Amino acid sequence: MKKTALLIIAVLGILLLRAAEDLPFWGDPQSPASVHLSDYYLEESYEETSVPNIVTSVLADYRGYDTMFETVVIFCAGITVLIVLRRTHRRRAKVISPRPERPGADIILQTAARLLVPMMQLFALYVVAHGHHSPGGGFQGGVILGSSLILLALSYDIQMALHRFKEKLVLLFSAGGVLLYAAIGLACLFLGRNFLAYGAWAALLGISEPEAHSHGMLGVEIGVAITVLCIMFSLYIDLASGGDLDEGL
Amino acid sequence: MTWDASLLWQFDLLILPMVIICAIAALSFKDLVSCAVISGAFSFLMCLLWTEMLAVDVAFTEAAVGAGVSTVLLLGTALHVKRKSKD
């Protein structure tokens with residue numbers, strides 16, 4: 001069995017290496033990916049969206065539909081883990097998983113976490129808000145926000161983190177982030193443009209159209225950040241406690 | 001115009017063997033907790049590679065998701081299943 005697996009992997013590896021020879025060189029301006037659309041984005045995106053970071057403008061504006069469903073995928077992944085693992089009092093599990101030994105509270109760890117968590121959250125908000133100008137955006141900021149809550153749950157315990165952020169609220173907000181994204185897109189539809197064509201907001205907010213694109217992107221990034229934050233936290237509390245939310249790692 | 005892809009080949013030469021070592025180690029270790037930690041190290045090295053290729057947005061995501069959260073999630077899962085892998 002093991003030899004067959006090794007053989008299959010070797011054959012696949014050789015095939016992949018042969019295929020990799022045909023890939024364009026890194027950063028090749030003549031590669032198919034960069035001859036059709038890249039020039040347009042590089043030249044026009046600042047005039048059209050007033051966002052200096054082209055990655056953000058492509059991700060949240062030109063490819064906004066993709067990003068919306070990426071957020072939906074994250075939401076679905078979180079919900080699936082919840083469905084499989086979550087155990088309530090009514091739905092007792094037959095198998096009791098071996099719970100790792102938990103030593104008593106560590107005051108150094110808890111004080112350090114208490115100092116770190118606000119810094120992490122502030123930095124995450126900066127990453128979300130500054131995604132227009134520097135690397136970052138909703139996904140990264142949401143993950144950092146989520147990991148600040150995970151740090152809280154790791155250094156204290158899950159109960160303490162859940163006391164600050166109830167499970168019901170976590171699930172409500174994880175759906176709310178996606179809905180916020182979709183609502184911004186739908187509003188454009190009702191204002192007489194295409195879905196997620198943020199230019200429609202210009203007349204309503206009294207700003208120029210590129211600025212409306214920029215604000216629309218900020219709105220959807222906030223939606224993404226909320227969903228990612230809630231799903232990351234929900235994934236952690238379900239996986240680390242084995243589904244009963246009593247104790248974590 | 002052709003692009004000079006050997007911009008930072010010394011850096012590549014340093015990082016790429018470590019990436020391969022990490023990948024093989026993560027597959028061959030029996031202890032799942034060590035595997036989780038090594039996959040975190042793998043993500044961190046990949047993050048360095050993305051930075052070197054000037055894909056800073058991707059590197060940021062790799063650092064936050066790959067090296068940060070997913071390591072914690074893997075550790076949390078590894079402690080709840082049997083720690084020793086069979087193969």
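Everything here concerns the structure above.
Residues numbered from 1 in each chain as written. Chains lettered and ligands numbered in written order. Predicted model: local features only at pLDDT ≥ 70, side-chain atom pairs only at ≥ 80, totals over all residues. Heavy atoms only, no water.

Asks: Sorry if this is basic, but what is going on with the overall build of chain A here?
Replies: Summing up its helical and strand segments, chain A has eleven helices and zero strands in all. For chain A, the N- to C-terminal ordering of α and β elements is α-α-α-α-α-α-α-α-α-α-α. Relative to the globule expectation of 18 Å for 249 residues, the C-alpha radius of gyration of chain A, 23 Å, shows a markedly less compact shape. Each principal axis of the C-alpha distribution contributes one length, and for chain A these read about 60 × 60 × 40 Å. Intrachain contacts of chain A at a sequence separation of at least 6 include 66% that bridge at least 24 residues. As displayed, chain A offers around 14,500 Å² of accessible surface, 69% of which is attributable to carbon and sulfur atoms. (Helix = DSSP H or I, 4+ residues; strand = E, 2+ residues; numbered from the N terminus. Rg over C-alpha atoms; globule rule 2.2 N^0.38 Å. Contact = heavy atoms within 4.5 Å. Areas by Shrake-Rupley, 256 points an atom, 1.4 Å probe, with all protein chains shown as cover.)

Asks: How should I be thinking about the packing of aromatic side chains in this particular structure?
Replies: Two descriptors summarise a pair of aromatic rings, namely the distance from one centre to the other and the angle between the planes of the rings. Residue and element names in this part refer to chain A. Counted according to the given criterion, the structure contains eight aromatic pairs over all chains. Residues tyrosine 41 and tyrosine 62 carry aromatic rings whose centres are separated by 4.7 Å and whose planes lie at 45 degrees to one another, so their mutual orientation is tilted. Of the two residues, tyrosine 41 sits in helix α3 (residues 38–49) while tyrosine 62 sits in helix α4 (residues 54–62), which places them 21 residues apart along the sequence. Of the residues examined, tyrosine 41 reaches a relative accessible area of 11% and is grouped as buried. Ring centres 6.2 Å apart and planes at 10 degrees place the aromatic pair phenylalanine 165 and phenylalanine 233 in the stacked group. (Phe/Tyr/Trp six-rings, centres within 6.5 Å; stacked < 30°, edge-to-face > 60°. Buried < 20%, exposed > 50% of the residue type's maximum accessible area, 1.4 Å probe, protein only.)

Asks: Just to check I follow, could you spell out the packing of helix α7 (residues 138–155) of chain A against helix α11 (residues 209–241) of chain A for this structure?
Replies: Think of two packed helices as two axes; the pair is described by the angle between the axes and how far apart they sit. Residues and elements named next belong to chain A. At a closest axis distance of 7 Å, the pairing of α7 and α11 adopts a crossing angle of 30 degrees. One element, α7, and the other, α11, form an angle in the roughly parallel class. Relative to α11, α7 is oriented so that their crossing is right-handed. Of α11, the residues touching α7 (which contributes Gly138, Phe139, Gly142, Val143, Leu145, Gly146, Leu149, Ile150, Ala153 and Leu154) are Glu221, Val224, Ala225, Val228, Leu229, Met232, Phe233 and Tyr236. The residue inventory of the contact of α7 with α11, partitioned by class, reads 14 nonpolar, three polar and one charged. (Axes fitted to C-alpha atoms, helices over the stretch in contact; angles between N-to-C directions. Parallel < 35°, antiparallel > 145°, perpendicular 65-115°, else oblique. Left-handed = near helix turned anticlockwise from the far one by under 90°. Nonpolar A, V, L, I, M, F, W, Y, C, P; charged D, E, K, R; others polar.)

Asks: Which parts of the structure should I look at to understand the packing of α3 of chain A against α11 of chain A?
Replies: Residue and element names in this part refer to chain A. For the pair α3 and α11, interaxial distance at closest approach is 6 Å and the crossing angle is 90 degrees. The angle between the axes of α3 and α11 places the two elements in the roughly perpendicular class. Note on element contacts: α11 touches α3 through Pro210, His213, Ser214 and Met217, opposite Glu47, Glu48 and Thr49. Here the residues of the contact of α3 with α11 sort into two nonpolar, three polar and two charged.

Asks: Please explain the nonpolar core as it appears in this structure.
Replies: Soluble globular proteins tend to pack their nonpolar side chains together in the buried interior. Within the largest apolar cluster, 44 residues are counted, with the highest numbers of intra-cluster contacts made by Ile158, Tyr181, Tyr198, Val228, Phe233, Tyr236 and Ile237 of chain A. Contributions of two or more residues to this core are made by α5 (64–85), α6 (107–129), α7, α8 (158–164), α9 (167–190) and α11 of chain A together with α3 (56–78) of chain B. One finds Ile15, Ile38, Leu45 and Met46 of chain B within the second-largest nonpolar core, a separate group that totals eight residues. (Core = buried A, V, L, I, M, F, W, Y, C linked by side-chain atoms within 4.5 Å.)

Nothing here speaks to function; it is geometry throughout.
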